[in-house]
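Survey of secondary and tertiary structure
Take a look at the letters that make up each chain.
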Amino acid sequence: MALFDRLNQYQPYALAVLRIMTALQFIEHGTQKLFAFPDGEHAGALTALSLTQGILEAFGGLLFLFGLFTRPVAFILCGNMAVAYFMAHAPKSFFPVNNDGDAAILFCFVFLFFVFSGPGFLALDNRKK
């Protein structure tokens, strides 16, 4: 048990790595919609809904990356991913593996986790007032 107790001291760093990697993946979804980069199935003509989604993913992801307003941004992005799942994925199939909703579910719950945990290390939210 002593090993696991010692690991607790690294929790803020692990949170920072999780926040940064989640943000980078999320930003990529936004840039694909907004700028068709990287090229893929979501690149193309923008509807009002996909434009809104792209803006939330790209700019919300940037705020999340830098740990700025982490908790409110995470709350908004969590709700956004829940809506995205039920609007775009759930109607295709009940099972997430069959409806391509795995990423939306994971993003939703990772963002929900950060609403309660805070940003971890290396976040602008940690600046001294």
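Going by the structure above, here's the rest.
Below: a short report on this structure. This structure is a prediction, so every number in the text was calculated from the model and none was measured.

The next point concerns the side chain of arginine 19. In this structure, arginine 19 sits in helix α2 (residues 11–35). It turns out arginine 19 is buried and unbridged, and the closest side chain with the opposite charge, aspartate 125, is 7.4 Å from it. Residues contacting arginine 19, with those up to four places away along its chain left out, are Phe64, Leu65, Phe66, Gly67, Thr70, Phe114, Pro119, Gly120, Phe121, Leu122 and Ala123.

Let us look at unusual backbone geometry. Across residues other than glycine, the phi torsion is negative in most instances, and most of the peptide bonds are trans. Look at the link from phenylalanine 37 to proline 38: it is a cis peptide, with omega at -5°. Phi is positive for alanine 36, close to 55°, though the residue is something other than glycine. Take alanine 36: it is sitting in the loop between α2 and α3 (48–66). Given the relative accessible area of 39%, alanine 36 is considered partly exposed. With a phi angle near 55°, phenylalanine 69 is a residue other than glycine that sits in the positive phi range. Positionally, phenylalanine 69 belongs in the loop between α3 and α4 (70–89).

Inspection of the entire model under this criterion finds zero disulfides. Unpaired in this structure, cysteine 78 has its nearest cysteine sulfur neighbour in cysteine 108, at a distance of 3.7 Å.

This part is about the pattern of salt bridges. Two side chains of opposite charge can pair, provided their charged atoms sit close to one another. Applying the stated criterion across every chain, the model contains one salt bridge. With its nearest N and O atoms 2.9 Å apart, the salt bridge here joins lysine 33 to glutamate 57. Here lysine 33, found in helix α2, pairs with glutamate 57, found in helix α3; they are 24 residues apart in sequence, far enough to count as distant. The same class applies to lysine 33 as to glutamate 57, namely buried.

With that settled, consider α2. The first and last C-alpha atoms of α2 sit 35 Å apart over 25 residues, in line with the 36 Å expected at 1.5 Å per residue. Three or more residues of α2 are buried, namely Leu15, Ala16, Arg19, Thr22, Ala23, Phe26, Ile27, Gly30, Thr31, Gln32, Lys33 and Leu34. Contact partners of the buried residues in α2: α3, α4 and α6 (102–117).

Once that is clear, we can look at the packing of α3 against α4. Viewed as axis vectors pointing N to C, α3 and α4 meet at an angle of 150°, and their least axial separation amounts to 10 Å. Crossing of α3 over α4 shows left-handed handedness. Touching Leu49, Gln53, Leu56, Glu57, Gly60, Gly61, Leu63 and Phe64 of α3 are Thr70, Val73, Ala74, Ile76, Leu77, Asn80, Met81, Ala84 and Met87, all from α4. By residue class, the composition of the contact of α3 with α4 is 11 nonpolar, five polar and one charged.

Conventions used here
- Residues numbered from 1 in each chain as written.
- Predicted model: local features only at pLDDT ≥ 70, side-chain atom pairs only at ≥ 80, totals over all residues.
- Heavy atoms only, no water.
- Helix = DSSP H or I, 4+ residues; strand = E, 2+ residues; numbered from the N terminus.
- Buried < 20%, exposed > 50% of the residue type's maximum accessible area, 1.4 Å probe, protein only.
- Lys, Arg positive; Asp, Glu negative; His and termini not counted.
- Salt bridge = Lys/Arg side-chain N within 4 Å of Asp/Glu carboxyl O.
- Contact = heavy atoms within 4.5 Å.
- Disulfide = S-S within 2.5 Å.
- Expected span 1.5 Å × (residues − 1).
- Axes fitted to C-alpha atoms, helices over the stretch in contact; angles between N-to-C directions.
- Left-handed = near helix turned anticlockwise from the far one by under 90°.
- Nonpolar A, V, L, I, M, F, W, Y, C, P; charged D, E, K, R; others polar.

Purely geometric numbers; function is a separate question.
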